[in-house]
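# Per-entry structural report
Listed below are the residues making up each chain.
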Amino acid sequence: MPPWLLWTGGSVGLAAFGTMVVALLKVRPETRKLKRDGAAVLVTAATAHSAELSDQVAELQAETRKLWQGQRQQQNLLSAHHRWDEEVVAVVRSLGGTIDDPPPLYAEG
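Residues numbered from 1 in each chain as written. Predicted model: local features only at pLDDT ≥ 70, side-chain atom pairs only at ≥ 80, totals over all residues. Heavy atoms only, no water.

### Here's the deal with the overall build of the protein chain
Our working definition: Helix and strand definitions here come from DSSP, where helices need a minimum of 4 consecutive H or I residues and strands a minimum of 2 consecutive E residues; each element is numbered from the N-terminal end. For every residue, the accessible area obtained with a 1.4 Å probe (protein chains only) is divided by the maximum for its type, and the residue is called buried under 20%, exposed over 50%, and partly exposed between those limits. What sets the accessible areas is the Shrake-Rupley method with a 1.4 Å probe; for residues, cover comes only from the shown protein chains.
Per the secondary structure count, the protein chain includes one helix and zero strands. Taking all 109 residues of the protein chain together, 3% fall into the buried category. Summed over its atoms, the accessible surface of the protein chain is roughly 9700 Å², and 66% of this surface lies on carbon and sulfur atoms.

Below, the structure is given as structure tokens:
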């Protein structure tokens with residue numbers, strides 16, 4: 001093999017090796033940057049999703065409070081009406097009338 005061919009092959013091999021080293025040196029920081037950027041995107045998305053879920057939970061809690069208050073109010077009204085029914089039945093009976101007991105206002109159970 002002629003020496004010029006050996007020198008040419010060696011220089012091409014050396015250039016390829018140098019190119020590979022430069023590429024590896026560039027890839028490492030770029031990989032770190034991609035990981036940092038990806039992590040930042042994930043944190044941003046998770047934060048936004050968490051804020052959205054927090055708002056939904058707050059809305060559900062407010063709605064639940066309204067339902068409980070309405071239920072308590074309805075319970076108080078039914079109790080007052082039941083007491084009134086009992087009084088009316090007692091008055092009618094004390095005056096000599098006949099009247100059935102008032103129907104139940106609450107479901108059995």
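Having seen the structure, we can now continue with the description.
### Section: the side chain of Asp 85
As a reminder, the rule being used: When charges are tallied, Lys and Arg are placed among the positive residues and Asp and Glu among the negative ones, while His and the ends of the chain are skipped. We count a salt bridge whenever a side-chain nitrogen from Lys or Arg sits within 4 Å of a carboxyl oxygen from Asp or Glu.
Within the element layout of this structure, Asp 85 appears in helix α1 (residues 3–94). Arg 83 provides the closest opposite charge to the buried, salt-bridge-free Asp 85, at an N-O distance of 11 Å.

### Points about the pattern of salt bridges
Scanning all chains against the criterion turns up one salt bridge. With its nearest N and O atoms 2.8 Å apart, the salt bridge here joins Asp 101 to Arg 93. Residue class for Asp 101 comes out exposed when judged on its relative accessible area of 55%. Overall, Arg 93 belongs to the partly exposed group, its relative accessible area being 41%.

### As for the environment of Ile 99
Quick reminder of the rule: Only heavy atoms enter the contact rule, under which two residues are in contact if any of them lie within 4.5 Å.
Relative to the elements of secondary structure, Ile 99 occurs in the segment after α1. Classification of Ile 99 as partly exposed rests on a relative accessible area of 32%. Sequence spacing of Ile 99 and Val 89 is 10 residues, and the spatial spacing of their C-alpha atoms is 6.6 Å. Not counting residues up to four positions away in its chain, the partners in contact with Ile 99 are Val 89, Val 92 and Arg 93.

By themselves these figures say nothing about function.
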